[in-house]
Amino acid sequence: MEKDEIREEILKLLQELHEDVDFELEDALVDDKVLDSFDLVTLVTELNETFDVEVTAREFIAENFNSLDTLTDMIYNLMEE
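About the cut-offs
- Residues numbered from 1 in each chain as written.
- Predicted model: local features only at pLDDT ≥ 70, side-chain atom pairs only at ≥ 80, totals over all residues.
- Heavy atoms only, no water.
- Salt bridge = Lys/Arg side-chain N within 4 Å of Asp/Glu carboxyl O.
- Helix = DSSP H or I, 4+ residues; strand = E, 2+ residues; numbered from the N terminus.
- Buried < 20%, exposed > 50% of the residue type's maximum accessible area, 1.4 Å probe, protein only.
- Expected span 1.5 Å × (residues − 1).
- Contact = heavy atoms within 4.5 Å.
- Core = buried A, V, L, I, M, F, W, Y, C linked by side-chain atoms within 4.5 Å.

Draft legend 1. Summary view of the pattern of salt bridges. Evaluated as defined, the whole model comprises six salt bridges. Among the salt bridges present, the one from arginine 7 reaches glutamate 24, with a minimum N-O distance of 3.0 Å. Of the two residues, arginine 7 is situated in helix 1 (residues 3-17) and glutamate 24 in the loop between helix 1 and helix 2 (37-51); the sequence distance between them amounts to 17 residues. The residue arginine 58 makes a salt bridge to glutamate 81 at a minimum N-O spacing of 3.6 Å. Remark: glutamate 81 occurs in the segment after helix 4 (68-80) and arginine 58 occurs in the loop between helix 2 and helix 3 (62-65); sequence separation between them is 23 residues. Like arginine 58, the residue glutamate 81 is exposed in the burial classification. Within the structure, one salt-bridge network assembled from shared partners comprises Arg7, Glu24 and Asp69.

Draft legend 2. Focus on helix 1. For helix 1, which comprises 15 residues, the first-to-last C-alpha distance of 21 Å matches the rise-based estimate of 21 Å (1.5 Å per residue) to within 8%. Of the surrounding secondary structure, the elements contacted by the buried residues of helix 1 are helix 2 and helix 4.

Draft legend 3. Main features of the environment of tyrosine 76. The residue tyrosine 76 is located in helix 4 in this model. On the basis of relative accessibility, which here comes to 27%, the residue tyrosine 76 falls in the partly exposed class. If sequence neighbours within four positions are ignored, tyrosine 76 has contacts with Met1, Lys3 and Ile6.

Draft legend 4. Up close: the nonpolar core. In terms of nonpolar packing, the biggest core is built from 24 residues, with Ile10, Leu47, Phe65 and Ile75 touching the most fellow members. For this core, the secondary-structure elements that each account for two or more residues are helix 1, helix 2 and helix 4. In contact with leucine 47, not counting residues within four places along its chain, are Ile10, Leu13, Asp52, Val53, Phe65, Leu71, Met74 and Ile75.

Below, the structure is given as structure tokens:
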């Protein structure tokens with residue numbers, strides 16, 4: 001799967017959580033509390049299922065979840081492993 005395809009799928013998942021947020025522009029989703037702990041647990045579950053990866057405690061840090069781009073990079077790297 002190409003990186004832009006991964007990005008589009010993640011964007012869809014994020015929009016299902018909060019359709020009122022412009023995830024293309026946000027770069028502090030966790031730091032600014034746009035995504036709460038419930039959102040993050042839901043998102044990780046969806047990411048694991050959608051991309052057949054396992055987001056572990058090692059990846060579960062704010063820096064990986066603060067933007068669409070950092071999420072995309074994390075999933076892309078996990079898929080490469």
